[in-house]
Number of protein chains: 2
Amino acid sequence: MSVVTKVVLDAMGGDHSPGEMVFGAVNAVKEKEDLFVYIVGPQKVLEEELGKYEYAKEKIEIVDAPDVITCHDAPVNAIRTMKNSSMVIGLKMVKEGKADGFVSPGNSGAILVGGQVLVGRMKGIERAPLAPLVPNKNGVSLLIDCGANVDARASHLVQFAQMGSIYMEHVIGVKNPRVAIVNIGAEEEKGNALVKETFPLLKECKDINFIGSIEARDFPYGAADVVVTEAFVGNVMLKLSEGLASMLMASIKEAMTSTPVSTIGAAMVKPQLKKTLKTFDATEYGGAPLLGLNGLVVKIHGSATNKEVKNALFQVETFKKQEINNKIKEYLLSETAE
Amino acid sequence: MSVVTKVVLDAMGGDHSPGEMVFGAVNAVKEKEDLFVYIVGPQKVLEEELGKYEYAKEKIEIVDAPDVITCHDAPVNAIRTMKNSSMVIGLKMVKEGKADGFVSPGNSGAILVGGQVLVGRMKGIERAPLAPLVPNKNGVSLLIDCGANVDARASHLVQFAQMGSIYMEHVIGVKNPRVAIVNIGAEEEKGNALVKETFPLLKECKDINFIGSIEARDFPYGAADVVVTEAFVGNVMLKLSEGLASMLMASIKEAMTSTPVSTIGAAMVKPQLKKTLKTFDATEYGGAPLLGLNGLVVKIHGSATNKEVKNALFQVETFKKQEINNKIKEYLLSETAE
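Note that this is a predicted model, so its numbers are computed, not measured.

Visitor: How would you explain the pairing of strand S6 (residues 139–144) of chain B if you had to name every residue and give the values?
Guide: All names here are of chain B. Most of S6 sits inside the fold, with 5 of its 6 residues counted as buried. Bridge count for strand S5 (residues 133–136) against S6 is 4 bridges, and the pairing is antiparallel. When the bridges of S6 are listed, Pro135 appears paired with Val140. Counted between consecutive antiparallel strands, the loop separating S5 from S6 contains 2 residues.

Shown next as structure tokens:
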């Protein structure tokens, strides 16, 4: 008999909640045999949404949660006090072993805090990094860490590199992933204090394919599969990538449709352009995993629609099937043994 | 009688050295009455290049320098030992008061070291930031610092904000420039230790228009005129912006010319697209100033062509005419007086 993966989906807190969340869950259980989804949110609202679709009733269950943590709520306080929110109820289900993972489009800070406090870090893991998959010219890179762990230490970055490498290899399927550290030059002696301290430690790691420093300009070209950096820099890289790409696309669209002739030209290039832009679509990958916890927590975009929801649910399934946390445990044991 | 601005132009070390450097200098002295340029490099080579053009001979003088610091030379060592290089000879001329500023397309690290060691910091300035002008959707922002000052302190960032504000107002002509600090959230309590320490200090500055935190995603939209951050993050932002923009442009071009129909469409949108892309052309602004030194040092792109050279020479002229260093001195005095 095959193993069933149980995922908790926080249906609330996103721009398209709960409609697209529910639709994504329905599509996911239709495509994957061994997937079971708990959808958390206000019972009545979810019943109404689910009522719109045909699906195998035994594969989706509603868990009632009357409250919602919004993006305006202060993370620590929200996790501590909003016991009846979909996020707190959902995260606790992972903690209690009722589910393998948790997916949410909600308040990022609250997901980070809740993941660490409610689900909890694996024994031996010092910090839980948020590691979005960022599309590049030739595929996708894992940018680790973009979370709330500012002012990280070298030992944290080494764990990030290890966990990121395991994730890229076994969940995303990149063989022997190239691991690099973000730096302001390619030479080993370059960098700030943290990078200079971390670089030799990464070089010593036997179980990762460390290729050295990567400059930010090579990141969009996919110069590495696992891109290690502390959270402040990672967050800046992620948001700058998103902001710059959307600004450039908007400007190009504006330019292309600014005269009658260019508007006709725009229609003629559109199909090819769309195909190319699709390769940079982050929603194909289904969100950013928060690694090193007792279960997988995946943060999807606030603007996520059903496709990203579905892919995030699949990500949890692969995570479970590939026994990622066991692989991380093995690495931790091998570290202790040394 | 008007004041003549004397600029030293390092003709060597760039991808298009010395041809485009010399051409840029010739164009500059043709356009500006009060500009005098010392071109530094191997005498014979420069004589030959200059021989190609008609220009007022009394406005350009060759300074012989047989050696060149290349991008492969280690900065500190090169500045210390390569006394006959165009860079060392040129920087020393600023130090000795023979010229008001120095422009070079050469080794960035060597320019940063040479600027600080040979030209020297102004009394009271703790660090000299490299502050490139980065085009955005609505104009241009000064990103300060992108230099070699890693692991900066809060007091450094406060000086960067002040110098950057003076530069944007009086050299670039942005009235009452908006100053912001790069952060991973808009709230004051967010950020790493450095940002948390710097934020209240910037808030207290009376002579700048501090608007708070800026997230990296808003940087391409021109959410602030002076964007303050420590050098590691600034360098990452600068290089990521360059890398991502060039990768996206290449991908779009590839897509547009991938079928016969799209190729015709591409030709129809090209004029409008070119016009838009020109607004993102960093060479319009003429390079990155290194501020806080006894004279202006401007780093231009290694790939700089004559237009960027000319604009960088003009930048030195405005710097001199606007007496920027006197304005920085006034600010330093007002700080001491408090």
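Visitor: Lay out helix H4 (residues 86–95) of chain A in plain terms, naming residues and giving numbers.
Guide: Across the 10 residues that make up H4(A), a large majority, 8, are buried. Downstream of H4(A) by one or two residues, Gly97(A) has phi in the positive range, about 80 degrees.

Visitor: Explain the interface of chain A and chain B residue by residue, including any values.
Guide: With 50 residues of chain A at the interface, the matching set in chain B holds 50 residues. Here chain A packs against chain B, burying approximately 4,800 Å² in sum over the two surfaces, 76% of which is carbon and sulfur. Area buried by chain A at its contact with chain B is led by Ile184(A), Phe232(A) and Leu240(A), which between them contribute 14% of it. At the surface where chain A touches chain B, the tally comes to 6 salt bridges. Salt-bridge contacts for Glu254(B) lead to Lys137(A); the nearest nitrogen and oxygen are separated by 3.3 Å. Counting every contact that joins chain A to chain B gives 16 residue pairs in polar contact (both at pLDDT 80 or more). Elements that contribute at least two residues to the side of chain A that touches chain B include exactly strand S7 (178–183), helix H7 (193–204), helix H8 (231–256) and helix H9 (260–279) of chain A. Broken down by element, the side of chain A that touches chain B gets its largest block of residues, 21 residues, from H8(A).

Visitor: Go over the relation of the copies chain A and chain B, please, and point to the residues and values.
Guide: After a rotation of 180 degrees and a shift along the axis of 0.0 Å, chain A superposes on chain B with an RMSD of 0.0 Å. Such a combination of turn and shift is consistent with a two-fold rotation axis. Nearest to the rotation axis, the C-alpha of Gly265(A) is located 1.9 Å from it, this being the minimum over chain A. The residues that chain A uses at the interface reappear at the interface of chain B in 100% of cases, marking a shared surface.

Visitor: Explain empty space enclosed by the protein to me, and be specific about the residues and the numbers.
Guide: A full pass over the atoms with the stated rule returns 1 cavity of 30 Å³ or more. The calculated volume of the largest cavity comes to roughly 40 Å³. Along its surface, the largest cavity is lined by Leu157(A), Ile181(A), Val182(A), Asn192(A), Leu194(A), Val195(A), Thr229(A), Glu230(A), Val233(A) and Phe232(B). Listed by contribution, the elements that provide at least two residues to the lining of the largest cavity are S7 and H7 of chain A. Residues that form the lining of the largest cavity fall into these classes: 7 nonpolar, 2 polar and 1 charged.

Visitor: With reference to specific residues and values, describe the nonpolar core.
Guide: Membership of the largest hydrophobic core comes to 163 residues, with the highest contact counts inside it found for Val103(A), Leu313(A), Ile328(A), Val103(B), Leu313(B) and Ile328(B). In this structure Ile328(B) touches Met122(B), Ile125(B), Met163(B) and Ile166(B), once residues within four positions along its chain are discounted.

Visitor: Can you explain the pattern of salt bridges? Please cite residues and give values.
Guide: Charged atoms that come close allow side chains of opposite charge to pair. All names here are of chain A. Tallied over the entire structure, the rule returns 26 salt bridges over all chains. The partner of Glu49 in a salt bridge is Lys52, and the shortest N-O contact between them spans 3.0 Å. A salt bridge links Lys320 to Asp100; the nearest nitrogen and oxygen atoms lie 3.0 Å apart. In this pair, Lys320 is assigned in helix H10 (residues 306–321) and Asp100 in the loop between H4 and strand S4 (101–104), connecting sequence segments 220 residues apart. Salt bridges sharing partners connect three or more residues here, namely Lys32, Asp34, Glu317 and Lys321.

Visitor: Talk me through the confidence of the model for chain A; I want residue IDs and the actual numbers.
Guide: All names here are of chain A. Looking at chain A, pLDDT values average 92 and 98% of them are 70 or higher. At the low end of the mean pLDDT range in chain A sits helix H11 (residues 324–337), at 83; at the high end sits strand S9 (residues 226–228), at 98. Scored by ipTM, the complex comes to 0.91, with pTM at 0.92.

Visitor: Can you tell me about the sheet that holds S7(A), naming the residues and giving the values?
Guide: All names here are of chain A. Read across the open sheet, the 5 strands follow the order S5-S6-S9-S7-S8; overall the sheet is mixed. Of all the strands in the sheet, the pair left with one neighbour each is strand S5 (133–136) and strand S8 (209–215). Pairs of neighbouring strands in the sheet enclose a mean axial angle of 30 degrees, with direction left out of account. Bridging between S7 and S9 involves 3 bridges; their strand directions are parallel. Note that in S9 the partner of Ile181 across the bridge is Val228.

Visitor: Describe the packing of aromatic side chains, naming the residues involved and giving the relevant values.
Guide: Residues and elements named next belong to chain A. Evaluation of the coordinates by the stated rule reveals 8 aromatic pairs over all chains. Taking the centre distance of 5.2 Å and the plane angle of 75 degrees together, the rings of Phe199 and Phe210 count as edge-to-face. In this pair, Phe199 sits in helix H7 while Phe210 sits in strand S8, placing the two residues 11 residues apart along the sequence. Judged by relative accessible area, which is 16%, Phe210 ranks as buried. In this structure, Lys32 is placed above the aromatic ring of Phe314, and the distance from its NZ or CZ to the ring centre is 4.8 Å.

Visitor: Can you tell me about unusual backbone geometry, naming the residues and giving the values?
Guide: Residues and elements named next belong to chain A. In this chain, Ser17 is followed by Pro18 through a cis amide linkage whose omega measures -10 degrees. Of note, the phi angle at Asn176 is positive, near 45 degrees, even though the residue is not glycine. For Asn176, the position within the fold is in the loop between helix H6 (154–172) and S7. In the Ramachandran plot, Glu323 falls in the positive-phi region, its phi being about 50 degrees despite a non-glycine side chain. Inspection of the secondary structure puts Glu323 in the loop between H10 and H11. On the basis of relative accessible area, Glu323 is assigned to the partly exposed category, the value being 47%.

Visitor: Quick one: what's the story with the side chain of Thr276(B), residue by residue and with numbers?
Guide: Inspection of the secondary structure puts Thr276(B) in helix H9 (residues 260–278). With near-sequence residues (within four places) excluded, Thr276(B) lies in contact with Ser251(A) and Ala255(A).

The rules we used
Residues numbered from 1 in each chain as written. Chains lettered and ligands numbered in written order. Predicted model: local features only at pLDDT ≥ 70, side-chain atom pairs only at ≥ 80, totals over all residues. Heavy atoms only, no water. Buried < 20%, exposed > 50% of the residue type's maximum accessible area, 1.4 Å probe, protein only. Helix = DSSP H or I, 4+ residues; strand = E, 2+ residues; numbered from the N terminus. Pairing = 2+ DSSP bridges. Contact = heavy atoms within 4.5 Å. Buried area = accessible area lost by both parts, 1.4 Å probe. Salt bridge = Lys/Arg side-chain N within 4 Å of Asp/Glu carboxyl O. Polar contact = N/O pair within 3.5 Å; in protein donor to acceptor, adjacent residues only side chain to side chain. Least-squares fit on C-alpha atoms with pLDDT ≥ 70 in both. 1 Å grid on protein atoms, 1.4 Å probe; cavity = no way out; pocket = protein on both sides within 12 Å on 5 of 7 lines; lining within 4 Å. Points joined across faces, edges and corners; volume = space filled by probe spheres on them. Nonpolar A, V, L, I, M, F, W, Y, C, P; charged D, E, K, R; others polar. Core = buried A, V, L, I, M, F, W, Y, C linked by side-chain atoms within 4.5 Å. pLDDT = per-residue confidence, 0-100. Axes fitted to C-alpha atoms, helices over the stretch in contact; angles between N-to-C directions. Phe/Tyr/Trp six-rings, centres within 6.5 Å; stacked < 30°, edge-to-face > 60°. Lys NZ or Arg CZ within 6 Å of the ring centre and 35° of its normal.

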